[in-house]
Amino acid sequence: MAEEQGGPQQGAAGGAVGPGERLWEREQELRSAEQAVERLCREFAAGGTKIGELLVFYGKPGIGKTSVLEQVRRIAGARQDSTVLFARGNERQRQAPFRVLRQLLLPVLGELDESERAEVFGNWYNIVAPAVGLEPPSDEVERIDPQGIHDGLDFVITQLAPRRAPLVVAVDDLHAVDQESLAWLASFALRARDLPVLLAFAYREEFTAEGRPYADQIAAQAVRQHELRPLSPVSIAEIVHAEFAEADDAFCRQVWAVTAGAPYDTVALLREVRDQNLEPVDENSPRLRDLAAAARGEGLDYWLDKLGPTSIRFAWAAALLGTDIKEDLAAAICGQGPAQAAASVRELRRLRVLTSQPNGRLEFVHPLIATSIYQSIQPAIRAGMHGMAANVIENSGGSLLTASRHLLETHPGEGDDLIVRKLRRAAAENLAIGAPEAARRCLERALNEPPDEEDRAEVLYELACASLLTDPESTANQLRRALDIEDGLSPDLRVEAVFRLSEVIAHGGDLSGAAELCLEESGQTPEGPGRLRLLVAHLLYTALRRDEDNGPERAAQVARLVAEVDPESEAARPVRALHAWDLTLQGRGTAEALAAAESALCDGRLPRGLGWTNTTWNFELPALLGLCFAYNDELARAEKLFSSAVLEFEIAGWSGAHRGFAYFLMGFARLRRGFLPEAEDFLRRGLRIADRMGDALPLQLNLVGTLIDTLLARGRAHEASEIARKYRFAPPYHHTALLLPDVATIYGKLLISRGDYDMAVEVLAETGMRLDRRGWRSPVHAPWAGHLAVAMAHRDLPSARKNGDDAIARAKESGSRSALGSALRLAASVWEGAHAVELLQEAVAVLGLSPASYEHAHALVDLGAALVGVGRSVEAAEHLYQGMELAKHCGADGLEIRARNVLASSNLRPSRALQPPLDALDPQERQIAELAAHRMPPQRIAEHLQLSVGLVRQRLAAVHRKLGTGPEGLAEALGLPTDGSGPGA
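These numbers come from a predicted model, not from an experiment.

## Overview of the nonpolar core
Among the nonpolar cores identified, the biggest contains 229 residues, and Phe-314, Val-353, Phe-364, Ile-373, Ile-708 and Phe-729 are the most heavily contacted of them. Among the elements that make up this core, the one with the highest residue count is helix α13 (residues 300-321) (12 residues). In this view, Phe-729 contacts Leu-701, Val-704, Gly-705, Ile-708, Ala-724, Val-743, Ile-746 and Tyr-747; residues no more than four positions away in its chain are not counted. Of all hydrophobic cores here, the second largest spans 56 residues; its members include Leu-85, Phe-121, Leu-185 and Phe-207.

Now the structure itself:
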């Protein structure tokens, strides 16, 4: 057994308890603990891992929770095969972020060797290590999302638990745990059952309003909850007789009445009785109530009389420090030299106020004593001592984070610039460890100091940034306050503040407000990078609006900027990215859009100023750049960008909306490629994050819409409808943000799946008019025309066929093979006979050269069914088999079933053995792919390899599907030179 963190062993009455001492009336609680520890160790030895439990002990102050928890630690520590981690909350240290987690984890994480540390932390070291105290906060990190800390801690504890299992985690005084630690403990309680971990928590029902939800969450997960009840008169009498053998029964009953059966109060009262030399007889019972009040230490007079003027000052200093008290620090705070401090410690130990820990530090014998002594300090003296404590901690080499909690307790109003500077630095460090609430407290205290007038706007700006990832409304309010101060911010910082405010407004769904703010401010900003940055932000937010007044004019303005902006300037690549997006949505040529997207990159990668976590520009710009590749059939390129987003957000600890957005992008790319189960997984993960952020935000509706589209492709229309009902996915959409892909088109597809064709026609026709007005003809963003043809066929077949032709024309104009193949397939659905077959044959051929495997599977099955319809069943069989196998590979269960049904109805064998999907190209596919990458046409490849042209086309279709790219990106996907050299040159 390795007990990582020690502390005084507390008895049921508040004193030290030895191995053989009794805890009165706590047999049930201790038996429960013994059984839990035994069960944990036994089942872990048997190979179990998902065996975690949570025990909770709660009750009133002084009821014996600390004593019971100490016995739990003793029970677990007595076994050689367990690891015990321990921490205790403290009311004075509640504002120190991650303090309890550091108590718990730092000892065991600090002893890991280098290889073990790498395995336990994985990619999370830079995020978690500063939070748990292994590393100081990084100067390079501006802020970390608290959810990122939670995710990192989850990973670390999941890796650590099996290595130190079975693991017992005990936390005393949970009600006084800092908010950051409490939030993680509550979330971990949900997952602990999946690990070889026993959690044991003790607390009073005195949680703060912010902590109450976490307490309820913990209680809901507890396997066993034990409310510690007051001791009976019999047990109280035994405690009295253990101290005073001669005590009479009436005296014992009065002790029980006065203390209400609380063991701590009972022992404290009996000490007072002994100190007063009071005989334990009935005649002295009336004095017990006054002695009990005095024993609780209610007030300065009691402690001054008990401890004396010298020892009480040391006790005050110790109470300020909280737990794990360093004697030299306490001495410096109260102004005592080494000899005098040592004498104070001896006296406080004799009076059972302080005790020594195994590590040489001091601890209060009971938390209630610490609270009582702290409350006995007069307010003015307390504030002064906190100020002294902050200085002493800093001067002794302690961190500013530790010192800052004392600065928060000093009286404001002095206008001390040094204190303001320290609080601002502490706030920055808190943000760097993922504790924005602690940063906010520091900056609010700095504002109350107050800062110099010329610094006030900057402090307000910093306060706004502290809540940027957690409280957008507060961020917006503080930024507006900072901007309202005339000449308060430097020109550069003012641009930064406006940019941040526009982000908050935009992410809340008000893109119009964000765009107007940037435009107005850009008009008041001098020529230069700042003005250009605001102008680009204005154009971006306008482009992202669901409805735009004059899309073509804005796109023309972006095109002019591309020509005007210095190619070497920081804004050049963001402007090109925005231009690439415009070209993609206009749908007028894949080649031009891809060329523009390439020009925004640097050697195929995001340039330095356009990264996912770069705060100079919006993360929407690299997202739009990746979508340009996704919309133009370069899905491998898109997925590479989107997977880097997931990784970068993880490394930066941005696990809120940013990570949810990255999951949306990956889900959309996987849907486009046809990897439907993977798409669904990404989208559901993103939706879980979005649900925490709030209802009806653009991120949530993006995810919901794309998830519905994925479920429809998988043949689960009923589940798609349930998702739509749950999230009220139907017009009108109560926001102005652009949804990607167009949700109105997806809603139209959902209506078609329900058979509500008239409503689908109405929705899809309105969608087409809206998008045409702004010049957006991309059939990938919104393939409304093809689906309108399907819906309209049920009431007006000629118009439906006209719409089908229009869909094909738009797709040809875009140059996207996947879009053209899909349009041909949809157009064929409103025809029958030979013409339907012709359209579907063309769709299959085109989709075979695209990475859109689901669309390819759909076209193959449709073609097979059409061939059966014209009596060409033998020819249909191979298309149906291919479509069935590809549908299974894609996870399109409904399409696979349809293919089997068509085969069965045609007296063909639908149960042909399916080939397992390949994760890489086979040798023949590789050979064909390399020749195709060098621009050799299929006919020449067939001649060169002595294969049939049909087989070459079939193999090429598999290549494009597996690599996620069309012909243009084939060479790069294979790692070949792209200069045109090679066999086909």
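## Side note on the pattern of salt bridges
If you walk through the whole model with that rule in mind, you get 71 salt bridges. Glu-719 serves as the salt-bridge partner of Arg-716, at 2.9 Å between the closest nitrogen and oxygen. Here Arg-716 falls in the partly exposed class, since its relative accessible area comes to 23%. A residue is classified by how much of its surface remains accessible, and Glu-719, at 29% relative accessible area, is partly exposed. Three or more residues are tied together by salt bridges with common partners; here these are Glu-680, Arg-684, Arg-714, Arg-716, Glu-719 and Asp-893.

## Examining α13
Every α-helix winds through 3.6 residues per turn, so residues three or four apart in the chain are directed the same way. Taking 1.5 Å as the rise per residue, α13 with 22 residues should run 32 Å; its terminal C-alpha atoms sit only 19 Å apart, a clear shortfall. Bending of α13 peaks at approximately 110 degrees at the position of Gly-308, with proline Pro-309 no more than four residues after it. Gly-322 lies just past α13 and shows a positive phi near 95 degrees.

## Considerations on the confidence of the model for the protein
Mean pLDDT for the protein: 89, with 95% of residues reaching 70 or above. Predicted confidence is poor over residues 912-919, with pLDDT under 50, and the contacts of this stretch with residues over four places away or in other chains come to 13 contacts.

## Description of the environment of Phe-642
When you line up the elements, Phe-642 lands in helix α30 (residues 635-652). Here Phe-642 falls in the buried class, since its relative accessible area comes to 0%. Sequence spacing of Phe-642 and Gly-667 is 25 residues, and the spatial spacing of their C-alpha atoms is 9.6 Å. If we skip the residues at most four places from it in the chain, Phe-642 touches Trp-612, Ala-623, Gly-626, Leu-627, Leu-665, Met-666 and Ala-669.

## A word on the pairing of strand β3 (residues 83-88)
Across the 6 residues of β3, 6 count as buried, placing the element largely inside the fold. Alternating positions in β3 separate into two faces, Thr-83, Leu-85 and Ala-87 on one and Val-84, Phe-86 and Arg-88 on the other, with burial throughout. Inspection of the sheet shows β3 paired to strand β4 (residues 167-172) by 6 bridges, in the parallel sense. Counted as the bridge partner of Phe-86 is Ala-170 from β4.

## A word on the packing of helix α18 (residues 400-407) against helix α19 (residues 417-432)
Where α18 contacts α19, the two axes come as close as 9 Å, and the packing angle between them is 125 degrees. As far as their axial angle goes, α19 and α18 are oblique. Judged by the sense of rotation from one axis to the other, the crossing of α18 with α19 is left-handed. In contact with Leu-400, Leu-401, Ser-404 and Leu-407 of α18, α19 contributes Lys-422, Leu-423, Arg-425, Ala-426, Glu-429 and Asn-430. Classifying every residue of the contact of α18 with α19 gives 5 nonpolar, 2 polar and 3 charged.

## Let's talk about helix α34 (residues 717-726)
Taken residue by residue, α34 has Ala-720, Ser-721, Ile-723 and Ala-724 as its buried positions. For α34, the arc enclosing every buried residue in end-on projection is 160 degrees, short of the 170-degree limit, so these residues lie on one face. Away from its buried face, by an angle of more than 90 degrees, α34 presents the exposed residues His-718, Arg-725 and Lys-726. Where α34 is buried, its residues contact α32 (676-693), α33 (698-713) and α35 (743-754). In the stretch just after α34, Arg-728 is the one whose phi turns positive, near 50 degrees.

## Description of unusual backbone geometry
Look at the link from Ala-165 to Pro-166: it is a cis peptide, with omega at -10 degrees. Within the fold, Pro-166 resides in the loop between α6 (146-163) and β4. Note the cis peptide between Glu-449 and Pro-450, where omega equals 0 degrees. Its place among the elements puts Pro-450 in the loop between α20 (436-448) and α21 (453-466). Its identity as a non-glycine residue notwithstanding, Asp-603 has a phi of 55 degrees, on the positive side.

## Section: the environment of Glu-91
Mapped onto the elements of the fold, Glu-91 is located in the loop between β3 and α3 (99-110). Each C-alpha atom, one on Glu-91 and one on Ala-176, is 5.0 Å from the other, the two residues being 85 residues apart in sequence. Once residues within four sequence positions are removed from consideration, Glu-91 is found in contact with His-175, Ala-176, Arg-204, Glu-206 and Thr-371. A polar contact of 3.2 Å, which involves the side chain of Glu-91, links it to the side chain of Arg-204. Engagement of the side chain of Glu-91 in a polar contact is seen with the side chain of Thr-371, the distance being 3.5 Å.

## Observations regarding the environment of Met-792
Within the secondary structure, Met-792 is located in helix α37 (residues 784-792). Owing to a relative accessible area of 13%, Met-792 belongs among the buried residues under this scheme. Remark: the alpha-carbon pair of Met-792 and Asn-803, spanning 11 residues in sequence, is separated by 8.7 Å. Filtering out sequence-adjacent residues up to four positions away, Met-792 remains in contact with Val-761, Leu-797, Ser-799, Ala-800 and Asn-803.

## Some points on the packing of aromatic side chains
Applying the stated rule across the entire model yields 14 aromatic pairs. Pairing Trp-581 with Tyr-631 gives two aromatic rings, centres 5.6 Å apart and planes at 50 degrees, and the pair type is tilted. Separated by 50 residues along the polypeptide, Trp-581 in helix α27 (residues 572-586) and Tyr-631 in helix α29 (residues 620-631) bring together distant segments of the chain. Here the aromatic rings of Phe-661 and Phe-664 are separated by 5.8 Å at their centres, their planes lie at 35 degrees, and the arrangement is tilted. Note that Phe-661 and Phe-664 are positioned in helix α31 (residues 657-673) at a spacing of 3 residues, about one turn of the helix. By relative accessible area, Phe-664 is classed as buried at 0%.

Parameters at a glance
- Within any chain, residue numbers begin from 1 and follow the written order of that chain's sequence.
- Per-residue local features of the predicted model are confined to residues with pLDDT of at least 70, and side-chain atom pairs are confined, for both listing and counting, to 80 or more; whole-chain, interface and lining totals are unaffected and use all residues.
- Water and hydrogen atoms were dropped before computing side-chain values, which therefore reflect all heavy atoms in the structure.
- Buried Ala, Val, Leu, Ile, Met, Phe, Trp, Tyr and Cys residues form a nonpolar core when they are joined through side-chain atoms within 4.5 Å.
- Note on classification: 1.4 Å probe, protein chains only; a residue is buried when its accessible area is under 20% of the maximum for its type, exposed when over 50%, partly exposed between these limits.
- In DSSP terms, a helix is any run of H or I states spanning at least four residues, a strand is any run of E spanning at least two, and both are numbered starting from the N terminus.
- Should any heavy atoms of two residues lie within 4.5 Å, those residues are counted as being in contact.
- Definition used for salt bridges: Asp or Glu carboxyl oxygen within 4 Å of a side-chain nitrogen of Lys or Arg.
- Multiplying 1.5 Å by the helix residue count minus one yields the expected span of that helix.
- We define the bend at each residue as the angle formed by axes fitted to the 7 residues ending at it and the 7 residues starting at it.
- As a per-residue measure, pLDDT tells how confident the predictor is, with possible values from 0 to 100.
- Note on pairing: two strands pair once DSSP finds at least 2 bridges between them.
- Axes here mean lines fitted to C-alpha atoms, for a helix over just the part in contact, with angles spanning 0 to 180 degrees between N-to-C directions.
- Throughout, the term roughly parallel applies to angles under 35 degrees, roughly antiparallel to angles over 145, roughly perpendicular to angles from 65 to 115, and oblique to all others.
- By definition, turning the near helix anticlockwise from the far helix through less than a right angle yields a left-handed crossing, and turning it clockwise yields a right-handed one.
- Classification used: nonpolar for Ala, Val, Leu, Ile, Met, Phe, Trp, Tyr, Cys and Pro, charged for Asp, Glu, Lys and Arg, polar for all others including Gly.
- Read the arc as the range of directions from the helix axis to the C-beta atoms.
- Pairs of N or O atoms within 3.5 Å make up the polar contacts considered here, provided that, within protein, one atom can donate a hydrogen while the other can accept it, and that residues adjacent in sequence are counted only when both atoms are side-chain atoms.
- Between rings of Phe, Tyr and Trp, where Trp is taken as its six-membered ring, a pair exists when centres lie within 6.5 Å; planes separated by under 30 degrees are stacked, by over 60 edge-to-face, and by other angles tilted.

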